[in-house]
Amino acid sequence: MKGFAVICKMELRLFTRDFFGVFFALVFPVLMLLLFGGIYGNTPIYDGADVRIMDISVPAYAVMVTGVTGLMSLPLTLSGYKEKKIYKRFDATPVGKKSIMLAQVFANFIMTLVGILILLIAGKLLYQIQIKGNFLSIGVSTLFSIAAMFSMGFLFTAIGRDLKSTTLLCYLFYFVMLFLSGATMPDMLFPDTIKRISDFLPMTYAVDLMQGVFAGDSLDQYGVELLILGGVTVVCTALGAALYRKKDWT
Amino acid sequence: MSKAIIRVENLNLTYKTLHAVQDVSFSVKSGEILAVIGQNGSGKTSTVECIEGLRKPDSGLIQVFGKNPWLHRREVYKEMGVQLQEAEYPLKIRVEEQCRLFASFYERPADWNLLLAQMGLDEKRKCLVHKLSGGEKQRLSVLLSLMGRPKLLILDELTTGLDPEVRQNMWISFENIRKGGVAIIMVSHYLDEVEALADKILYLEKGKQQFFGTQQGFREYVKGRISKEEWEENFSLEKLYLMLAPKTTGLSMEGIL
């Protein structure tokens, strides 16, 4: 247990030394907030509405943070470690490779929470966003979103033959989901064809769920979203684990 | 008579259609140094990776401290230190962080500050591991293999990339470690190193065990495989080994000029 705690601490420290990881998880979402805030302003989403654009943008950007860590940082670190035989080195110790993989999940999870927190603080300070939902609903929704994104990243690492193919797979899915799920621009602006595509993207359900609970909706109203995100987590994790077992780690 | 720490019987390993290790059997006792020798691709690393529990053999028996290393890897690694042929470390990790990390894996880790000084890496403790030279990385790998105060040490190409002075120093170090009762398996292409350190030799050719026994036994084995005209009593181990290797003529100038 002591070894695992030290690995977690070390992985967290290594994450903070990765400029791109830190930039995209902690800084980029705030820059998006400033950019889109500058473009659209913080007006009501429709005339007379109580909810303003930034109230729905911040939870959507929070999902973007889960995408950055789950679909970029985590899988690319996992894949890079495998390619460089770093896991093999850990397998030749009493702790084994599972410990370092779990430590990477832990480090990315913490960084996701920090990224979301920074985003919320920026939203509050710059645009006085309203968070009507309770802590439990927001917490559960955040966990479901993180779990779905992380499990997809895990699956992509298991599918990718090397770092290059994993990077391609992760970037492709990340950017498609980023632009078509409503995470960067409201899905109400999408034409019907794009809306139909976005229905197939797990991130769409994460964005809907987060926007809903931030607006004060009860979790009961989002059974479908929770079911889909939970299903994605279970299927991707199980499939990823099965594929990982077949990989040659040596 | 000390008990065998490692027992390998009829070990077989295949990669798809390649039979990488075929019917290899040997044992190693505490305080003994076994050198695994053979050409590139002869199955040396595959054999030791089976002992390390990193590869699952197709058949055969492997016992390390009486346990199957594939099934009981964690327990075996509490007493086994390994230096892999090729291993990298996380990109942004510093030398002392890597040492601290590995020290946390063991209940009673070695004094890594002392080891850093002895390995000549004391001044590099704040350096990023990936910025170290090849020889420095190799020394760090050896240091990390010693972190758990092992009773069995497996060194795959121990001195590759080290300058002659450091190599000599390593030989003395491992002789001292052996005297402390630690069993050592070394995979090496440096036959002078094998001659200086090894009690026993395992010689592999295309995955097949050709010889297992003492250095003197190896001498007799080679003598039996070559003609009387070729034999000289004072052959070095390297010369003996080369007598067994297929004769090559090197590159012809035709292809270059």
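All of these numbers come straight from a predicted model, not from anything done at the bench. (Residues numbered from 1 in each chain as written. Chains lettered and ligands numbered in written order. Predicted model: local features only at pLDDT ≥ 70, side-chain atom pairs only at ≥ 80, totals over all residues.)

Section: the overall build of chain A
When helices and strands are counted, chain A shows ten helices and zero strands. In sequence order, the secondary structure elements of chain A are arranged as α-α-α-α-α-α-α-α-α-α. Relative to a compact globule of 250 residues, whose C-alpha radius of gyration would be 18 Å, chain A shows 18 Å and is just as compact. Dimensions of chain A along its principal axes, counting C-alpha atoms only, are 65 × 35 × 30 Å. Per-residue burial for chain A yields a buried fraction of 47% across its 250 residues. Pairs at least 24 residues apart make up 77% of the contacts formed inside chain A by residues separated by at least 6 positions. (Helix = DSSP H or I, 4+ residues; strand = E, 2+ residues; numbered from the N terminus. Rg over C-alpha atoms; globule rule 2.2 N^0.38 Å. Buried ≥ 20, exposed ≤ 12 C-beta atoms within 10 Å, placed from the backbone. Contact = placed C-beta atoms within 7 Å.)

As for the overall build of chain B
The helix and strand inventory of chain B stands at nine helices and nine strands. Each of the three principal axes of chain B carries a C-alpha extent, and together these read 55 × 50 × 40 Å. Considering only contacts in chain B between residues 6 or more positions apart, those separated by 24 or more positions represent 65%.

Here's the deal with the environment of Leu204 of chain B
Residues and elements named next belong to chain B. Within the secondary structure layout, Leu204 lies in strand β8 (residues 200-205). Here Leu204 falls in the buried class, since 25 other C-beta atoms lie within 10 Å of it. Separated by 43 residues in sequence, Leu204 and Lys247 place their C-alpha atoms 17 Å apart. If sequence neighbours within four positions are ignored, Leu204 has contacts with Val36, Gly38, Ser42, Gly43, Lys44, Gln209 and Gln210.

Quick word on the pairing of strand β3 (residues 33-37) of chain B
Every other side chain in a regular strand lies on the same face of the sheet, so the side chains alternate between the two faces. Residues and elements named next belong to chain B. Within β3, five of the five residues are buried, leaving the element largely enclosed by the surrounding structure. Residues Ile33, Ala35 and Ile37 line one face of β3 and the alternating positions Leu34 and Val36 line the opposite face, and both faces are buried. Where β3 and strand β7 (residues 183-187) come together, four bridges link them in parallel fashion. Looking at the pairing, Leu34 lines up with Ile185 of β7. Direction of pairing for β3 relative to β8: parallel, over a ladder of four bridges. Across the sheet, Val36 pairs through a bridge with Leu202, a residue of β8. (Pairing = 2+ DSSP bridges.)

Re the packing of helix α3 (residues 53-83) of chain A against helix α9 (residues 202-214) of chain A
Residue and element names in this part refer to chain A. Viewed as axis vectors pointing N to C, α3 and α9 meet at an angle of 140°, and their least axial separation amounts to 8 Å. Comparing the axis directions of α3 and α9 gives the class oblique. For the element pair α3 and α9, the recorded crossing hand is right-handed. From α3, Ile56, Pro59, Ala60, Ala62, Val63, Thr66 and Gly67 reach across to α9, where they touch Met203, Ala206, Val207, Met210, Gln211 and Phe214. (Axes fitted to C-alpha atoms, helices over the stretch in contact; angles between N-to-C directions. Parallel < 35°, antiparallel > 145°, perpendicular 65-115°, else oblique. Left-handed = near helix turned anticlockwise from the far one by under 90°.)

Section: the packing of helix α2 (residues 19-40) of chain A against α3 of chain A
Residues and elements named next belong to chain A. Between α2 and α3, the least distance of the axes is 10 Å, while the angle of their chain directions is 155°. By the angle between their axes, α2 is roughly antiparallel relative to α3. In this structure, α2 crosses over α3, and the sense of that crossing is right-handed. Of the residues in α3, those touching α2 at Gly21, Phe24, Ala25, Pro29, Met32, Leu33, Phe36, Gly37 and Tyr40 are Ile53, Met54, Ser57, Val58, Tyr61, Met64, Val65, Val68, Thr69, Met72 and Ser73. For the contact of α2 with α3, the residue count by class is 15 nonpolar, five polar and no charged. (Nonpolar A, V, L, I, M, F, W, Y, C, P; charged D, E, K, R; others polar.)

A word on the interface of chain B and chain A
At the junction of the two partners, chain B supplies 23 residues and chain A supplies 20 residues. Elements with a contribution of two residues or more to the side of chain B that touches chain A: α2 (73-77) and α3 (95-103) of chain B. Per-class residue counts for the side of chain B that touches chain A are twelve nonpolar, one polar and ten charged.

Comments concerning α9 of chain A
All names here are of chain A. Across its 13 residues, α9 extends 19 Å between first and last C-alpha, which sits within 8% of the 18 Å expected from 1.5 Å per residue. The buried fraction of α9 amounts to 13 of the 13 residues, a majority that puts the element mostly inside the structure. In the stretch just after α9, Gly216 is the one whose phi turns positive, near 100°. (Expected span 1.5 Å × (residues − 1).)

Some words on helix α1 (residues 2-16) of chain A
Along its 15 residues, α1 of chain A runs 22 Å from first to last C-alpha, staying within 8% of the 21 Å computed at 1.5 Å per residue. For α1 of chain A, the complete set of buried residues consists of Gly3, Val6, Ile7, Met10, Glu11 and Phe15 of chain A. Buried positions along α1 of chain A lie against α2 and α5 (96-127) of chain A together with α3 of chain B.

Things to note about the confidence of the model for chain A
Mean pLDDT for chain A: 91, with 99% of residues reaching 70 or above. Mean pLDDT across the secondary structure elements of chain A bottoms out at helix α8 (residues 192-198) of chain A, with 86, and peaks at helix α6 (residues 135-159) of chain A, with 96. (pLDDT = per-residue confidence, 0-100.)

Concerning the confidence of the model for chain B
Predicted confidence across chain B gives a mean pLDDT of 90, with 99% of residues reaching 70 or more. At the level of chain-chain contacts, confidence expressed as ipTM amounts to 0.87, with global pTM at 0.87.

Description of unusual backbone geometry
Phi is positive for Lys85 of chain A, which is not a glycine, with a value near 65°. Counting through the fold element by element, Lys85 of chain A comes out in the loop between α3 and α4 (86-91).

A word on the environment of Pro29 of chain A
All names here are of chain A. Within the secondary structure, Pro29 is located in helix α2. Residue classification places Pro29 among the buried positions, given that 26 C-beta atoms sit within 10 Å. Taking the C-alpha atoms as reference, Pro29 lies 6.9 Å from Val65; in sequence the two are 36 residues apart. Contacts of Pro29, omitting those with residues within four sequence positions, involve Tyr61, Met64, Val65, Gly115 and Leu119.

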